[in-house]
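Fold and contact review
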Amino acid sequence: ALMDDLEALRRVEPSMHAIVFTHYLEVQAAVVACLEGTRFEVYRVSGMTDIAARAKMIRDFQEGGGARDGVPKVFVFTVKLGSVGLTLTAATRVYLLEPAFDPAAEAQMAGRIHRLGQARQVLIKKFAFRNSIDENIVTLHERIKQGQIAISNGVIPPHGIRLLGRR
């Protein structure tokens, strides 16, 4: 589904920039592997990436200057590395591959792109596996937004926790 959406976006916006967030290094590696050899310039940082290389990738993504400038670019981050301290306003699409338990964490990730200086509309797409904890987390988030579940002092009440164990 991610690849289909990226291809559709590329057809409409040939030099598009997108950010993909995942919680897992294994998923990050799988996404990068799927994108390699395509018409996308792919950027990836991990905890092993030195600061200078990371800064250069971010600069290339933001301002151009990548190996294939003018082509669509996708930056694949793990949540831990990409959710704080970055400004990535060159992107117009954010993909969240697994829902975060805390909805504020998702807002933090999307906030890397939707910041001061962003002049274009940003679309955020969330992916979740059906019949899984992911789907239950999405339901929990919806109920929190609708005011059906209130979080107090960072604690989800028992009826909210029960949603996570449903099938």
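Cut-offs used in this document
Residues numbered from 1 in each chain as written. Predicted model: local features only at pLDDT ≥ 70, side-chain atom pairs only at ≥ 80, totals over all residues. Heavy atoms only, no water. Helix = DSSP H or I, 4+ residues; strand = E, 2+ residues; numbered from the N terminus. Buried < 20%, exposed > 50% of the residue type's maximum accessible area, 1.4 Å probe, protein only. Contact = heavy atoms within 4.5 Å. Areas by Shrake-Rupley, 256 points an atom, 1.4 Å probe, with all protein chains shown as cover. Arc of directions from axis to C-beta. 1 Å grid on protein atoms, 1.4 Å probe; cavity = no way out; pocket = protein on both sides within 12 Å on 5 of 7 lines; lining within 4 Å. Points joined across faces, edges and corners; volume = space filled by probe spheres on them. Nonpolar A, V, L, I, M, F, W, Y, C, P; charged D, E, K, R; others polar. Pairing = 2+ DSSP bridges.

Now for the overall build of the chain. Along the backbone of the chain there are seven helices and five strands. Each helix and strand of the chain, ordered N terminal to C terminal, gives the series α-β-α-β-α-β-α-β-α-β-α-α. The burial tally for the chain puts 44% of its 167 residues in the buried class. Put simply, of all contacts in the chain between residues at least 6 apart along the chain, 75% involve residues at least 24 apart. Roughly 9400 Å² of accessible area belongs to the chain as shown, and the carbon and sulfur atoms make up 55% of that amount.

In this section: helix H2 (residues 25-35). Of the residues making up H2, those classed as buried are Gln 28, Val 31, Val 32 and Leu 35. The arc that holds every buried residue of H2, seen down its axis, measures 100°, which confines them to one face. Contacts made by the buried residues of H2 are with helix H1 (2-12), strand S1 (17-22), strand S2 (41-44) and strand S3 (73-78). Just past H2, the residue Gly 37 takes up positive phi, approximately 85°.

Here the largest pocket defines a volume of roughly 310 Å³. What lines the largest pocket is simply Ala 1, Leu 2, Met 3, Val 27, Ala 30, Val 31, Cys 34, Leu 97, Glu 98, Phe 127, Ala 128 and Phe 129. Those elements that provide at least two residues to the lining of the largest pocket are H1 and H2. The leading source of residues in the lining of the largest pocket is H2, at four residues. Of the residues assigned to the lining of the largest pocket, the class counts are 11 nonpolar, no polar and one charged.

Within the secondary structure layout, Leu 123 lies in strand S5 (residues 123-126). Exposure remark for Leu 123: the relative accessible area of 38% places this residue in the partly exposed category. Sequence-wise, Leu 123 and Tyr 95 are 28 residues apart; in three dimensions their C-alpha atoms are separated by 8.6 Å. Sequence-distant contacts of Leu 123, that is, excluding residues within four places in its chain, are made with Thr 92, Arg 93 and Val 94.

Within S1, six of the six residues are buried, which leaves the element mostly enclosed by the surrounding structure. Both faces of S1 are covered, namely the face carrying His 17, Ile 19 and Phe 21 and the face carrying Ala 18, Val 20 and Thr 22. Here S1 pairs with S3 via six bridges, running parallel. Opposite Thr 22, over in S3, you have Thr 78 as the bridge partner. Two strands pair when backbone bridges link them, and S1 and strand S4 (residues 93-96) are joined in this way by four bridges, in the parallel orientation. Bridge pairing in S4 links Ala 18 to Arg 93.

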